[in-house]
Amino acid sequence: FLFVTLLAAALQATIPTPVWTGHATMPFLLSVVVYYALTHRIGRVAPAAVVIGLLADSLGMMPLGFHAFVFPVIGLVIAQFRESMAIQAWTTHAFLGATGNLIQTLGAWLLLSHDGDVQWPLPWLLLRFAGSLVTGAVVAPLLFTILARLDHRLGHFDLREASPL
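Owing to the predicted nature of the structure, the values given are computational and were not obtained by experimental measurement.

Rules used throughout
- Residues numbered from 1 in each chain as written.
- Predicted model: local features only at pLDDT ≥ 70, side-chain atom pairs only at ≥ 80, totals over all residues.
- Heavy atoms only, no water.
- Axes fitted to C-alpha atoms, helices over the stretch in contact; angles between N-to-C directions.
- Helix = DSSP H or I, 4+ residues; strand = E, 2+ residues; numbered from the N terminus.
- Parallel < 35°, antiparallel > 145°, perpendicular 65-115°, else oblique.
- Left-handed = near helix turned anticlockwise from the far one by under 90°.
- Contact = heavy atoms within 4.5 Å.
- Buried < 20%, exposed > 50% of the residue type's maximum accessible area, 1.4 Å probe, protein only.
- Core = buried A, V, L, I, M, F, W, Y, C linked by side-chain atoms within 4.5 Å.

Caption draft 1: Quick look at the packing of helix α2 (residues 28-39) against helix α5 (residues 90-114). Orientation of α2 relative to α5, taken along the N-to-C sense of each, is 130°, at an axis distance of 10 Å. Classed by the angle they form, the pair α2 and α5 counts as oblique. Classified by chirality, the crossing of α5 by α2 is right-handed. Contacts between α2 and α5 involve L30, V34 and L38 from the former and H93, L96, G97, G100, N101 and Q104 from the latter.

Caption draft 2: Examining unusual backbone geometry more closely. Phi is positive for H23, which is not a glycine, with a value near 60°. With relative accessibility at 35%, the residue H23 sits in the partly exposed group.

Caption draft 3: A look at the nonpolar core. Ranked by size, the top nonpolar core spans 36 residues in total, and within it L29, V32, L38, F71 and I78 carry the most contacts. Of all the secondary structure elements, the ones that give two or more residues to this core are α1 (2-14), α2, α3 (42-59), α4 (66-81), α5 and α6 (122-153). In this structure, F71 is in contact with L29, L30, V33, A49, I52, G53, A56 and Q104, ignoring residues within four places of it in sequence.

In structure tokens:
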């Protein structure tokens, strides 16, 4: 858990976001939350998401506690409904990554615009929302595949054979 989280944080902190995405966050840390929510017991999701959220808060300029609140909510909602999802399908990972990143971006905009800290013009705001969908849909399936293979290699479990739930 620690190695994966620190690696995701390093990737999120170092990979620049393109202008065409509205500088939307590359959601490596959120993708780890999505992975944990789909593959681990619900009792492990919230604590892991809080730790990952605090790390995400420390990497950016968001008010401390924003990601530590949003990530567990996203993770618990996914964990609650994972029985009705195709856990192994890349389309599920892309949808959850895109939706989670859009929720994170929308929440940040609502929080910051309410206080007057951010005033984005409408075209930039729409570009950022679209960019958050695209980056979430691309990053989450890639990271999910890597983490599932890592868990299989380490002998934790294999999603193809049995579910760890």
